[in-house]
Amino acid sequence: AIAKMVSLAASSVAPRKPAMASAHSKDSIVVASSKEKVVASDAEKVLFEYFGKDSLVIPGGVFITAVILVSGLFSLQSNNKAQQQMFMRMRVGAQGVTVMAMMVSLAVQERQKALGLIN
């Protein structure tokens, strides 16, 4: 019983080999591990594409936030208080969306790791 528990613990700690991914249907991904098949849904496929590893959503959000911030600083320099306040509120919104995109991206990448699609 102890040997079985030790081997079970060792297998859960040992690094996994990347699973082979193959197309189950044209819109879903099938990941075959040693004993089971897991099918990624169409929604997961979209999330993998836009929020997965090497996604451009987060750098795009950072760029948009920076542009809004610089625009707000220029309006501050020109003493246009109302426009400056609008830009700062837009910056907070863009920054919030970017942080949410980061959180979604982390969750998507963890799902991809669990499926064996990335290391």
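Everything discussed here concerns the structure shown above.
Keep in mind that what you see is a predicted model, and the values were worked out from it rather than measured.

Enquirer: Looking at this model, I keep getting lost on the packing of helix H2 (residues 42-51) against helix H4 (residues 81-115). Mind explaining?
Expert: When two helices pack together, you describe them by how their axes are tilted relative to each other and by the distance separating the axes. Put simply, H2 and H4 touch, their axes get as near as 9 Å, and they point 115 degrees apart. In this structure, H2 crosses over H4, and the sense of that crossing is left-handed. From H2, Glu 44, Leu 47, Phe 48 and Phe 51 reach across to H4, where they touch Ala 101, Val 104, Ser 105, Val 108, Gln 109, Arg 111, Gln 112 and Leu 115. Residues of the contact of H2 with H4, tallied by class, amount to seven nonpolar, three polar and two charged.

Enquirer: Help me out: how do you make sense of the packing of helix H3 (residues 57-77) against H4 in this one?
Expert: Interaxial distance between H3 and H4 falls to 8 Å at its minimum, and their mutual angle equals 165 degrees. Viewed along their axes, H3 and H4 adopt a mutual orientation that is roughly antiparallel. The hand of the H3/H4 crossing is left-handed. The segment H3 lies against H4, with Val 57, Ile 58, Gly 61, Val 62, Thr 65, Ile 68, Leu 69, Ser 71, Gly 72, Leu 73, Ser 75 and Leu 76 engaging Gln 83, Gln 84, Phe 87, Met 88, Met 90, Arg 91, Ala 94, Gln 95, Thr 98, Ala 101, Met 102 and Ser 105. Classifying every residue of the contact of H3 with H4 gives 13 nonpolar, 10 polar and one charged.

About the thresholds
- Residues numbered from 1 in each chain as written.
- Predicted model: local features only at pLDDT ≥ 70, side-chain atom pairs only at ≥ 80, totals over all residues.
- Heavy atoms only, no water.
- Axes fitted to C-alpha atoms, helices over the stretch in contact; angles between N-to-C directions.
- Helix = DSSP H or I, 4+ residues; strand = E, 2+ residues; numbered from the N terminus.
- Left-handed = near helix turned anticlockwise from the far one by under 90°.
- Contact = heavy atoms within 4.5 Å.
- Nonpolar A, V, L, I, M, F, W, Y, C, P; charged D, E, K, R; others polar.
- Parallel < 35°, antiparallel > 145°, perpendicular 65-115°, else oblique.

Take it as geometry only, folks, not as evidence of what the structure does.
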